[in-house]
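Survey of secondary and tertiary structure
Here's the letter readout for the chains.
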Amino acid sequence: MEKEKHRKGKGTTMKYHQIRKRMMAVALAASMAVTAAGCGSGGNKAPQSGAVQDVDTADLEFPLKEKATLTGLISYPANTESEPNNRTIFKRLQEKTNVEISWTAIQGDQWGDKIKLAMANKNSLTDFVFSAGFGDSDLLKYGEQGVIIPLEDYIDKYMPNLKAVFDKFPEYRTMSTDTNGHIWAFPWIEQLGSGKTAIQTVGAMSFINKKWMDFLGLEMPETTDEFEQVLLAFRDNASKLQAEFNIDGSIIPMSCILNGGEDPAILINGFGEGYGDADSGRHIAVTDDLKVICSATQQGFKDGIAWLHKLYEEGLIDPEAFTQEWSTYVSKGKSGRYGVCFTWDVGNIDNIADWVPLPALTADTRNITPANGSFTSGYDRGRCVVTSIAENPALVCAWIDQMYDPFQSPQNNWGTYGEDDEFDIFVLGKNENGEDMLQHAPLGDASPVEVREAENVAGPLAVLDEYYGVYVTCPDDAQYRLDWIEQLYTPDMNTKYVYPNVFMSREDTEKISNLQADIQKTINAKKSDWIMNGFTDGDWDKFLKDLDAYGLEEYLSIFQKYLDSYYEEGSGDAAADSGAEAGAKEQGGTGTDAE
């Protein structure tokens, strides 16, 4: 493993001390006896206020001398184990720490509604929320209301594993810190690659059925016109494809989930100036002169949507693309009916052997816009919070810090070893120094998502590039995705910047949220409507006027303010430099050589 490569392009080296203002805020007046934590699900506990809990770190050494019980809220994927303590990972953690967690578990597809109710009712609160997934507005609101506590002092005092990550990569501390100097949540961090070669730079890739192309004698398309001809060939040779490959069901030249995680936005990067619409949530991009623009008001977006409408009129796009759920999308894919599809990993849709990524398509230009925030790798600011109900926050934080142990984080992220079932994510092996190392087991024909959801626990964690080859191997599906990005997409990433992960004030977060509600709804609705039904220049002009009326100018100005501040402090220079360096490479390592 080339550790120097791993350190390149992790984003930024932020000067977090410039914004870190120590403040005494809502915290816990906690019991001094760490091992006497309460059990149950909150009960009649009342939020307390006072100084940050100060305990002897010797009392937090695991395993505790006396068993302690904490309470936690967690989500779990549908059709997987619903009792967290039945998962091997948590069984081992209980044995290691002598801390039992009394869990309240909520099925993932019900989490959004139920967690809001739980956070609004002190009797539903637990000591911590393990898989919160809170947005910035949630964190700031709950912090201001005193529902959750600030964590910066607990991190420095009682969380050596997370503190080590923050010390090594100060940008993550800064990204986790609000404008008043408080950290309200523990993050999820996953480094895989760096800069423009990071695995997060491209979300939904476009994949094309190589088996069909070979059978029909087709070449890999390089332009939008050539791509259209390939889709037409799939459509016009449907009966031949069905007969040759025993396909039960109609042939679908191209399928997607519009405005979802399987959106075809990557196809329109070649139109106009090439910005595309990589940020389907906020619809923003950053120009090379550091100006925040709305990607959906650019000429390239207009021309790209008009082209997609043409494909739809020709019967080349799945009619269900505007409404289908993930399960339907996968079901049709596994029936072998797709010629082109969009997803993070085609192994979740069909077998990987028959599919290859579709390179960037040229229309007016050739470009791939990296995803916003991707230069600092995978990051979720609001993954886990500690509530003001917790009687022993120091113990809660010390236990959560175990999730950031370099040997533990990969297991929480992907799964574990030594289970009594049909499949293990890992086998326990040795690294070149003879130390324990988690070695990824081959996935075979199994869906990466499904097998991991059966074993992992997610939550707060940090998997750093330097861990590969030392604590864990790089997953096969991650490695081939990294290779695809570096070989096929990085050379065409011509834009210099992405919008960074900034933590706005509560006022600005609320403004953005309110403005985004109408702006995103309008953009997504028109995008679907226009791909199905087409549009005129008059429709386009009205669309721009509607966005202006919904406050687009103010929306962009708020993003611009934080981008300017980010670069005025020098925070973004390393990210831009590493991104430019990665973009200039045509061959070489991704920084995740883990063999």
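Helix and strand content of the protein: 20 helices and 14 strands. Counting all 595 residues of the protein, 57% fall into the buried class. Sequence-distant contacts, at least 24 apart, represent 80% of the contacts inside the protein between residues at least 6 apart. Of the roughly 23500 Å² of accessible surface on the protein, a fraction of 46% belongs to carbon and sulfur atoms.

A low pLDDT score tells you not to read the predicted coordinates there in detail. Taken over all residues, the pLDDT of the protein has a mean of 88, while the share at 70 or more is 87%. Below pLDDT 50 for its whole length, residues 1–44 participates in 153 contacts with residues either more than four positions away or in separate chains.

Ordered in space as β6-β9-β5-β10, the 4 strands form an open sheet in which the pairing is mixed. Each edge of the sheet is formed by a strand with only one pairing partner; in this case those strands are β6 (252–254) and β10 (355–357). In this sheet, neighbouring strand axes are inclined to one another by 35° on average, regardless of whether the strands run parallel or antiparallel. Relative to β10, strand β5 (residues 205–209) runs antiparallel, the two sharing 3 bridges. Its bridge partner being in β10, Phe207 is matched across the sheet by Pro357.

The pairing of strands in a sheet comes from backbone hydrogen bonds and takes either a parallel or an antiparallel form. Judged by pairing direction, the sheet is mixed, and its 6 strands sit side by side in the order β2-β1-β3-β11-β4-β14 without closing on themselves. Pairing within the sheet leaves two strands with one partner each, and these edge strands are β2 (99–107) and β14 (461–463). When strand β1 (residues 68–76) meets β2, the two strands line up parallel, connected through 9 bridges. In the strand pairing of β2, Tyr76 is matched with Gln107. Together, β1, β2 and β3 (128–129) form the strand contacts of helix α3 (residues 111–120), whose direction differs from that of β1 by roughly 145°.

Together, Asp54, Asp56, Asp59 and Glu61 line one region of the surface with negative charge. By relative accessible area, Asp59 is classed as partly exposed at 40%.

Summed over the entire model, instances satisfying the criterion amount to 32 aromatic pairs. Centre to centre, the rings of Phe130 and Trp399 are 6.3 Å apart; their planes meet at 55°, and the pair counts as tilted. Of the two residues, Phe130 is situated in the loop between β3 and α4 (136–145) and Trp399 in helix α13 (residues 393–401); the sequence distance between them amounts to 269 residues. For the ring pair Trp530 and Phe543, a centre distance of 5.1 Å and an interplane angle of 75° mean the geometry is edge-to-face. Placement of Trp530 in helix α17 (residues 506–533) and of Phe543 in helix α18 (residues 537–549) is noted, with a sequence separation of 13 residues between them. By way of ring pairs, the aromatic residues Phe90, Trp103, Phe128, Phe130 and Trp399 are connected into one cluster. Here the guanidinium or amino end of Arg92 rests over the ring plane of Tyr417, the centre of that ring lying 4.1 Å away.

What follows concerns the pattern of salt bridges. Throughout the structure, instances matching the rule amount to 24 salt bridges. Between Arg506 and Glu144 there is a salt bridge, with its nearest N and O atoms 2.5 Å apart. Taken together, the residues span a long stretch of sequence, with Arg506 in helix α17 and Glu144 in helix α4 at a distance of 362 residues. The salt bridge involving Asp354 is made with Lys211; its shortest N-O contact spans 3.3 Å. Of this pair, Asp354 sits in the loop between β9 (338–343) and β10 while Lys211 sits in helix α8 (residues 210–216), and the two are 143 residues apart along the sequence. If you follow the salt bridges from partner to partner, you end up with Glu144, Arg506 and Glu510 in one network.

Before going further, it helps to spend a moment on the environment of Val202. Looking at the element boundaries, Val202 is found in the loop between β4 (186–190) and β5. Between the C-alpha atom of Val202 and that of Ala278, which follows or precedes it by 76 residues, the distance is 8.2 Å. In contact with Val202, not counting residues within four places along its chain, are Ile266, Trp344, Ile368, Arg481, Tyr489 and Met493.

It is worth spelling out the packing of α17 against helix α19 (residues 552–568) at this point. At a closest axis distance of 10 Å, the pairing of α17 and α19 adopts a crossing angle of 140°. Our classification of the angle between α17 and α19 gives oblique. In this structure, α17 crosses over α19, and the sense of that crossing is left-handed. The segment α17 lies against α19, with Asp508, Lys511, Ile512, Leu515, Gln516 and Ile519 engaging Leu552, Glu554, Tyr555, Ile558, Phe559, Lys561 and Tyr562. Here the contact of α17 with α19 is built from residues that sort into 8 nonpolar, 1 polar and 4 charged.

Conventions and cut-offs
Residues numbered from 1 in each chain as written. Predicted model: local features only at pLDDT ≥ 70, side-chain atom pairs only at ≥ 80, totals over all residues. Heavy atoms only, no water. Helix = DSSP H or I, 4+ residues; strand = E, 2+ residues; numbered from the N terminus. Buried < 20%, exposed > 50% of the residue type's maximum accessible area, 1.4 Å probe, protein only. Contact = heavy atoms within 4.5 Å. Areas by Shrake-Rupley, 256 points an atom, 1.4 Å probe, with all protein chains shown as cover. pLDDT = per-residue confidence, 0-100. Pairing = 2+ DSSP bridges. Axes fitted to C-alpha atoms, helices over the stretch in contact; angles between N-to-C directions. Patch = residues over 30% accessible without salt bridge, like charges linked within 9 Å, V, L, I, M, F, W, Y side chains within 5 Å. Salt bridge = Lys/Arg side-chain N within 4 Å of Asp/Glu carboxyl O. Lys, Arg positive; Asp, Glu negative; His and termini not counted. Charge placed at Lys NZ, Arg CZ, Asp CG, Glu CD. Phe/Tyr/Trp six-rings, centres within 6.5 Å; stacked < 30°, edge-to-face > 60°. Lys NZ or Arg CZ within 6 Å of the ring centre and 35° of its normal. Parallel < 35°, antiparallel > 145°, perpendicular 65-115°, else oblique. Left-handed = near helix turned anticlockwise from the far one by under 90°. Nonpolar A, V, L, I, M, F, W, Y, C, P; charged D, E, K, R; others polar.

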